[in-house]
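Here is how the chains run, residue by residue.
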Amino acid sequence: QVQLVESGGGLVQPGGSLRLSCAASGSIFSINAMGWYRQAPGKERELVATITSGGSTNYADSVKGRFTISRDNAKNTVYLQMNNLKPEDTADYYCNAVLPGMTTYWGQGTQVTVSS
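All figures in this text were calculated on a predicted structure; none of them were measured in a lab.

Parameters and conventions
Residues numbered from 1 in each chain as written. Predicted model: local features only at pLDDT ≥ 70, side-chain atom pairs only at ≥ 80, totals over all residues. Heavy atoms only, no water. Helix = DSSP H or I, 4+ residues; strand = E, 2+ residues; numbered from the N terminus. Buried < 20%, exposed > 50% of the residue type's maximum accessible area, 1.4 Å probe, protein only. Salt bridge = Lys/Arg side-chain N within 4 Å of Asp/Glu carboxyl O. Contact = heavy atoms within 4.5 Å. Pairing = 2+ DSSP bridges. Axes fitted to C-alpha atoms, helices over the stretch in contact; angles between N-to-C directions. Phe/Tyr/Trp six-rings, centres within 6.5 Å; stacked < 30°, edge-to-face > 60°. Lys NZ or Arg CZ within 6 Å of the ring centre and 35° of its normal.

1. Quick notes on unusual backbone geometry
Unlike most non-glycine residues, asparagine 76 shows phi in positive territory, near 55°. Position of asparagine 76 among the secondary structure elements: in the loop between β7 (67-72) and β8 (77-82). With phi around 70°, methionine 102 is a residue other than glycine that occupies positive phi space. Mapped onto the secondary structure, methionine 102 falls in the loop between β9 (91-98) and β10 (104-106). Judged by relative accessible area, which is 63%, methionine 102 ranks as exposed.

Below, the structure written as structure tokens:
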């Protein structure tokens, strides 16, 4: 079992920045990769960024150059630094963890609103 708790969401103006955090606990030694996904109202959940246990990263085209995913192994935490935010980035953001056999755990989500 893995527990994930996200934080850091909020309201920000276009062009602003936010940093999301995802703290993992439980069977964290078995995590292969972690990622951030988002779901806007009326839309399907979509991948934002992922990071493997080896540090390899992957980003959605829509966030490349603006978002950065990173991890602090000592704190068992994954971060999503979001810069130059746009209104279309408004969504609920979810952290996930993937274990061997593709078992996946999700956090409860944190809301990000980009609006003037």
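2. Structural notes on the pattern of salt bridges
This model, assessed by the stated rule, comprises four salt bridges. Residue aspartate 61 is joined to lysine 64 by a salt bridge in which the shortest nitrogen-to-oxygen separation is 3.1 Å. Where aspartate 89 meets arginine 66, a salt bridge forms, and the shortest distance between an N and an O atom there is 2.8 Å. Taken together, the residues span a long stretch of sequence, with aspartate 89 in the loop between β8 and β9 and arginine 66 in the loop between β6 (57-59) and β7 at a distance of 23 residues. Residue class for arginine 66 comes out buried when judged on its relative accessible area of 9%. Each of Arg38, Glu46, Arg66 and Asp89 takes part in salt bridges that share partners, so that together they form one network.

3. Remarks on the environment of leucine 47
Inspection of the secondary structure puts leucine 47 in strand β5 (residues 46-52). The class of leucine 47 is partly exposed, set by a relative accessible area of 27%. Measuring from C-alpha to C-alpha, the distance between leucine 47 and leucine 85 comes to 16 Å, with 38 residues separating the pair along the chain. Those residues in contact with leucine 47 that sit more than four places away from it in its chain are Trp36, Tyr37, Asn58, Tyr59 and Ala60.

4. Thoughts on the sheet that holds strand β1 (residues 2-7)
Judged by pairing direction, the sheet is antiparallel, and its four strands sit side by side in the order β1-β3-β8-β7 without closing on themselves. Unpaired on one side and paired on the other, β1 and β7 mark the two borders of the sheet. Put simply, the sheet's adjacent strands are angled 15° from each other on average, direction ignored. Pairing of β1 with strand β3 (residues 18-26), which is carried by six bridges, proceeds in the antiparallel orientation. From the neighbouring strand, valine 5 faces β3, where its bridge partner is alanine 23.

5. A short note on the packing of aromatic side chains
For any two aromatic rings, the description comes down to two numbers: the centre-to-centre distance and the angle of the planes. Under the criterion given, the structure shown has one aromatic pair. Measuring from ring centre to ring centre gives 5.1 Å for tyrosine 37 and tryptophan 106, while their planes differ by 70°; the resulting arrangement is edge-to-face. In this pair, tyrosine 37 sits in strand β4 (residues 33-39) while tryptophan 106 sits in strand β10, placing the two residues 69 residues apart along the sequence. Using a relative accessible area of 19% as the deciding quantity, one classes tyrosine 37 as buried. Positioned above the aromatic ring of tyrosine 94 is the side chain of arginine 45, whose terminal nitrogen or guanidinium carbon lies 3.8 Å from the ring centre. Here the basic side chain of arginine 45 rests over the ring of tryptophan 106, its NZ or CZ set 4.6 Å away from the ring centre.

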